[in-house]
Amino acid sequence: MVLLLSRLMLLFGLVSPALMLAQNVIKGKVTDEQKQPLPGASVLWLDTQVGTITDADGNFEIERPQNGSKLVFSYTGFQTDTIEASYNLSVRLKAGKALEEVEIVKRQKTTRIKRMDALKVEQIGVKELLKAACCNLSESFETSPSVDVSFTDAVTGTRQIQMLGLAGPYSQITRENMPSVRGLNAVTGLTYIPGPWLESIQLNKGAGSVVNGFESVTGQINYELQKPLDTDPLFVNMYFNQGGRKEINLHGTTALSDKLATAILVHGKSNQRENDRNGDSFLDMPKGDNLIVLNRYFLMGTNGWRYQLGGKYTSISTQGGQIVDPERNANFSFTDETRRFEAFAKAGKTYDLPWKSLGIQLSGVLHTQDIYAGYPELIRTAVIEPKYRINSMVKDYRGVQNSLYGNFIYQSIIGNTNNQIKTGASIQVDDIVETVNVNEYLRREIVPGAYFELNKTWSEKFKTVSGLRIDHHNNYGAFITPRFHGWWSPNEKNVLRFSGGRGLRTANVFMENIGQWVATRSFVISATEANNPYGLNPEIAWNYGFNYTKYVEIRGKELQLALDFYRTDFENQVVVDRDTDDRMVSIYNLDGKSFANSLQFQVDYELVERLDARVAYRWYDVQTTYGDELLRQPFLAPHRAFINLAYETENRWFFDATVNWQGEKRLAPFADRGEDYSPSFFTLNAQIRKVWKNNIDIYLGAENLLNFQQENPIGTVAIDPRSGTSNQPNMDAASVWGPIFGRNIYLGFRYRINK
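Residues numbered from 1 in each chain as written. Predicted model: local features only at pLDDT ≥ 70, side-chain atom pairs only at ≥ 80, totals over all residues. Heavy atoms only, no water.

Trainee: Please set out the overall build of the protein chain residue by residue, giving values where relevant.
Mentor: Along its length, the protein chain carries two helices and 47 strands. Relative to the globule expectation of 27 Å for 755 residues, the C-alpha radius of gyration of the protein chain, 26 Å, shows essentially globular dimensions. Taking the principal axes of the C-alpha coordinates as reference, the protein chain spans close to 90 × 55 × 50 Å. Counting the 755 residues in the protein chain, one finds 57% classified as buried. Here the protein chain displays about 30600 Å² of accessible surface, and carbon together with sulfur accounts for 57% of that area. Positive and negative side-chain charges of the protein chain, numbering 81 and 83 respectively, have mean locations separated by a distance of 5 Å. (Helix = DSSP H or I, 4+ residues; strand = E, 2+ residues; numbered from the N terminus. Rg over C-alpha atoms; globule rule 2.2 N^0.38 Å. Buried < 20%, exposed > 50% of the residue type's maximum accessible area, 1.4 Å probe, protein only. Areas by Shrake-Rupley, 256 points an atom, 1.4 Å probe, with all protein chains shown as cover. Lys, Arg positive; Asp, Glu negative; His and termini not counted. Charge placed at Lys NZ, Arg CZ, Asp CG, Glu CD.)

And the structure:
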């Protein structure tokens, strides 16, 4: 049924666009040639005094007067441009010819926060993303102290993120405010999003908006992809690194008519080199090939309607484990074959009143994934086991997910614009079949819901956003999701925000713990509710906290000080326990306390002209009841420090360096290793980039420049795993606390034909 609905949804999106004509309200965005917004740019109707200025993000909105046909755009230090008016303009102003004579007083920050928003949202722009080595969403947070990135294990090459001390799946990750990284790709899905495709990332900690669903616990990461009206006609990015990884990214756009445009984005990756720097017979990074293609359309319709639709295909092939040696009786192998198709469509209507609109969001996913982790010499079909106990030596997995999502959003006001509302209804359907060895795990989740959110401005100094969702889960029944955000600014130099809310989600027991598949531990699930997914209860948590930002003027430049504190309390958590039994991963419903405290202090300042500094310190206190004992979460450093320096010369050289310090981490016991702690360590990432003529970039950089490596990340591996219990390998590739690969130098090239 879900498959049929997904196909019908895509068909509807392809045939629904109809007639088109101009709009009474013209909207758009003004940027420079590097796509950085120009706040305060002047927008005037030609030969009139009717106009407006752009906001902090370069966006503008202006009503069309009678006989209005052309708009004039101007900004200090840039050439004035006159453009024929059409809905949703994308305007790029060129630097003035006498730009070298103009003193630029204030540069735009590469990561910005809107002071007037009730939610503190970090806007990570293209310039910030260019500082990262490459090449997917999980690798795009190198210069952000708010997000931790690490490997799940030493075999699969899977990167995971953490926010507020908790794993990535507790954060809601959306593509243009529609569900993206969830379900079977809750961890691996970060690698399915190529970095060069990103237009921007919006990151907020704590409770999110009820409009986007009920699953968010620690925050939301929303990413915006390149769009047909904004992206360059042609963009090429090529990347090579010391480990043999090669990538190419292509995207471009074309106008099919004056109202219809399309963009095509292509990503290819290949790495067939066998790297074993530490000589443990295991590949330091897996081999494999990726192909990801996205095609999307934008169409302006009649009566204020506009449409977006698109499709994305992902093919991932990964091979890891031991380098095959015919003299060994057995070689540990890991393979992952993933095929995924996504379709999405949006329809939006604006009215003559700028505060009134409605929107429809639809998306569908078809996902298949085949994973094998173990010794191929063991006959897979001979592995017979109880349903909720999975063999430690062989894990043969197949997952199939069909999902459908729909959301209807209506935006208006009550009385005046001090009372803005969003209300609507949504539905999420997941049909998932997982087979592990010989046992099958079925899930069908159907969750319709409705929501209401009020954004109220009480005064110039105080505003709130209050939201409530009511949803019904076919297994869990009806539940309520309240969310609240407050904003208080006694003056322009001080902003205090506070938030609280509830989140509910279904744990994806197997795929969220893929790192545990490469350890000789059995999986044991303590199922208590036969009708629930995996026989477990949903995860339910409350998150609440505050953040305070102070702006200080020093030597004509703004120093930004930020302090935030958040706490997450679990009503129920699906506990992944490696402490109670060192040969077992026990998975069960929480019986006791589980909480996470996160404190972060951050300073941003331009030290000298064009030299930006970002310094941060973060403290975590994350504890869970394992068995009958409350323990610190393993493999999480309670203390972390961060420094980022970025310098730009007048002739377009860019230098960036990031230093991370991580304190010691508690290690879960395994085999003859009792509870232990990792050492603290430093890492250094650096990059040099040169830009010519605004369309050619060459960049050279290094990850882990200090070449720090975790010793013996695999453990001991016996020659023959079939030789009996006493000689089983003590393989624990999931106990990763530091870098595996060591220093990794890379080189890249970008070329674009500017719009």
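Trainee: Which residues make up the environment of Thr-568, and what are the values?
Mentor: Along the chain, Thr-568 falls in strand β33 (residues 557-572). According to the relative accessible area criterion, Thr-568 is buried, its value standing at 1%. For the pair Thr-568 and Phe-484, spaced 84 residues apart in sequence, the C-alpha separation works out to 15 Å. Discounting chain neighbours no more than four positions away, the residues touching Thr-568 are Leu-166, Val-217, Thr-218, Ala-541, Trp-542, Asn-543, Ser-594, Phe-595 and Ala-596. (Contact = heavy atoms within 4.5 Å.)

Trainee: Lay out unusual backbone geometry in plain terms, naming residues and giving numbers.
Mentor: One non-glycine residue, Leu-164, lies in positive phi territory at about 55 degrees. Within the fold, Leu-164 resides in the loop between β11 (159-163) and β12 (166-167). Exposure remark for Leu-164: the relative accessible area of 3% places this residue in the buried category. In this structure, Arg-610 takes a positive phi of about 70 degrees despite not being glycine. What makes Arg-610 buried here is its relative accessible area of 18%.

Trainee: Residues and numbers for the environment of Leu-454, please.
Mentor: By the element assignment, Leu-454 lies in strand β27 (residues 439-457). What makes Leu-454 partly exposed here is its relative accessible area of 24%. Dropping the residues within four chain positions of it, Leu-454 is found in contact with Asn-419, Gln-420, Ile-421, Thr-464, Val-465 and Ser-466.

Trainee: Pulling in residues and values, what's your account of the sheet that holds strand β8 (residues 111-113)?
Mentor: Within the open sheet, the six strands sit side by side as β8-β9-β15-β16-β13-β14. Their pairing is mixed. Edge strands, defined here as strands with exactly one partner in the open sheet, are β8 and β14 (178-181). This sheet shows a mean twist of 30 degrees between the axes of neighbouring strands, independent of strand direction. In the sheet, strand β9 (residues 122-124) pairs with strand β15 (residues 198-205) via three bridges, with the strands oriented antiparallel. Within β15, the residue paired with Gln-123 across the bridge is Gln-202. (Pairing = 2+ DSSP bridges. Axes fitted to C-alpha atoms, helices over the stretch in contact; angles between N-to-C directions.)

Trainee: Requested: an account of the environment of Thr-254, with residues and values cited.
Mentor: You can see Thr-254 is positioned in strand β18 (residues 246-255). You can call Thr-254 partly exposed: its relative accessible area is 42%. A C-alpha to C-alpha distance of 9.3 Å links Thr-254 and Leu-234, two positions 20 residues apart in sequence. In contact with Thr-254, not counting residues within four places along its chain, are Ala-261 and Thr-262.

Trainee: Could you give me a rundown of the domain arrangement of the protein chain, with the residues and numbers involved?
Mentor: Under the domain assignment, the protein chain is made up of domain 1 (25-92) and domain 2 (225-753). Look at where the C-alpha atoms of domain 1 and domain 2 centre, and you get two points 37 Å apart. Across the contact, eleven residues belong to domain 1 and 14 residues belong to domain 2. When domain 1 packs against domain 2, close to 1100 Å² is buried across both sides, 37% of that on carbon and sulfur atoms. In this structure, the connection of domain 1 to domain 2 is made through one salt bridge. At the junction of domain 1 with domain 2, the criterion picks out three residue pairs in polar contact (both at pLDDT 80 or more). If you list the elements that add at least two residues to the side of domain 1 that touches domain 2, you get β1 (25-31), β4 (59-63) and β7 (89-92). Here the side of domain 1 that touches domain 2 is composed, by residue class, of two nonpolar, three polar and six charged. (Domains from an automatic or database assignment. Buried area = accessible area lost by both parts, 1.4 Å probe. Salt bridge = Lys/Arg side-chain N within 4 Å of Asp/Glu carboxyl O. Polar contact = N/O pair within 3.5 Å; in protein donor to acceptor, adjacent residues only side chain to side chain. Nonpolar A, V, L, I, M, F, W, Y, C, P; charged D, E, K, R; others polar.)

Trainee: Describe the nonpolar core, naming the residues involved and giving the relevant values.
Mentor: Val-155, Tyr-397, Val-509, Phe-510, Ile-587 and Met-731 are the most contacted members of the largest nonpolar core, which totals 37 residues. Breaking this core down by element, the ones donating at least two residues are β23 (357-374), β25 (394-414), β26 (416-436), β31 (522-525) and β35 (584-589). Examining the composition of this core, we find that three residues originate from one element, β23, more than from any other. Ranked by size, the runner-up nonpolar core spans 25 residues in total, among them Met-178, Leu-190, Leu-198 and Tyr-405. (Core = buried A, V, L, I, M, F, W, Y, C linked by side-chain atoms within 4.5 Å.)

Trainee: Could you give an account of the packing of aromatic side chains, with specific residues and numbers?
Mentor: Tallied over the full model, the rule gives 19 aromatic pairs. Ring plane angle 15 degrees and centroid distance 6.3 Å describe the contact between Trp-305 and Tyr-307, whose orientation is recorded as stacked. For Trp-305, a relative accessible area of 23% gives the class partly exposed. Between the aromatic rings of Phe-708 and Trp-737, the centroid separation amounts to 6.1 Å while the plane-to-plane angle is 55 degrees, which identifies the pairing as tilted. On the criterion of sequence distance, the pair formed by Phe-708 in the loop between β44 (696-703) and β45 (715-716) and Trp-737 in the loop between β46 (730-731) and β47 (744-753) is long-range, its members being 29 residues apart. The exposure class assigned to Trp-737 is buried, which follows from its relative accessible area of 12%. Ring pairs connect the aromatic residues Tyr-397, Tyr-441, Phe-510, Trp-517, Phe-523 and Tyr-534, which therefore count as one cluster. (Phe/Tyr/Trp six-rings, centres within 6.5 Å; stacked < 30°, edge-to-face > 60°.)

Trainee: Break down the sheet that holds strand β10 (residues 148-151) for me, citing the residues and quoting the values.
Mentor: Think of a sheet as strands paired side by side through backbone hydrogen bonds, with each pair either parallel or antiparallel. Here we have three strands laid out as an open sheet, ordered β10-β11-β12, and antiparallel in their pairing. Among the strands making up the open sheet, the edge pair consists of β10 and β12.

Trainee: An account of the pairing of strand β21 (residues 305-321) is requested, with residue identities and associated values reported.
Mentor: Within a regular beta strand, the side chains point alternately toward one face of the sheet and then the other, so they alternate between its two faces. For β21, the buried fraction is high: 13 of the 17 residues fall into the buried class. Pairing between strand β20 (residues 287-300) and β21: 14 bridges, direction antiparallel. From the neighbouring strand, Leu-291 faces β21, where its bridge partner is Ser-315. From the end of β20 to the start of β21, which pair antiparallel, there are four residues, and Asn-303 there has a positive phi angle of about 55 degrees. Two elements, β21 and strand β22 (residues 333-350), share 17 bridges in a ladder whose sense is antiparallel.

Trainee: If you had to explain the side chain of Asn-508 to someone new, which residues and values would you point to?
Mentor: By the element assignment, Asn-508 lies in the loop between β30 (494-505) and β31. From its side chain, Asn-508 meets the backbone oxygen of Gly-183 in a polar contact 3.4 Å long. Among the polar contacts made by the side chain of Asn-508, one reaches the side chain of Glu-512 at a distance of 2.9 Å.

Trainee: Go over the pattern of salt bridges, please, and point to the residues and values.
Mentor: Summed over all chains, the structure comprises 40 salt bridges. Residues joined by salt bridges that share partners form a network here, namely Glu-128, Lys-131, Asp-604, Arg-614 and Asp-656.

Trainee: Account for a nonpolar patch on the surface, naming residues and giving values.
Mentor: On the surface, Met-238, Phe-240, Ile-248, Leu-250, Trp-692, Ile-698, Leu-700, Ile-745, Leu-747 and Phe-749 cluster together into a nonpolar patch covering about 800 Å² of accessible area. Put simply, the parts of the chain that give the nonpolar patch at least two residues each are β17 (234-241), β18, β44 and β47. Ranked by residues supplied to the nonpolar patch, first place goes to β47 with three residues. In this structure, Ile-248 sits in strand β18. (Patch = residues over 30% accessible without salt bridge, like charges linked within 9 Å, V, L, I, M, F, W, Y side chains within 5 Å.)

Trainee: Would you mind going over the pairing of strand β2 (residues 42-45) in detail, with residue names and values included?
Mentor: Of the two faces of β2, only the one carrying Val-43 and Trp-45 is buried; Ser-42 and Leu-44 on the other face are not. In terms of strand pairing, β2 meets strand β3 (residues 51-53) through three bridges, oriented antiparallel. Residue pairing for β3: Leu-44 is matched across the bridge by Gly-51.

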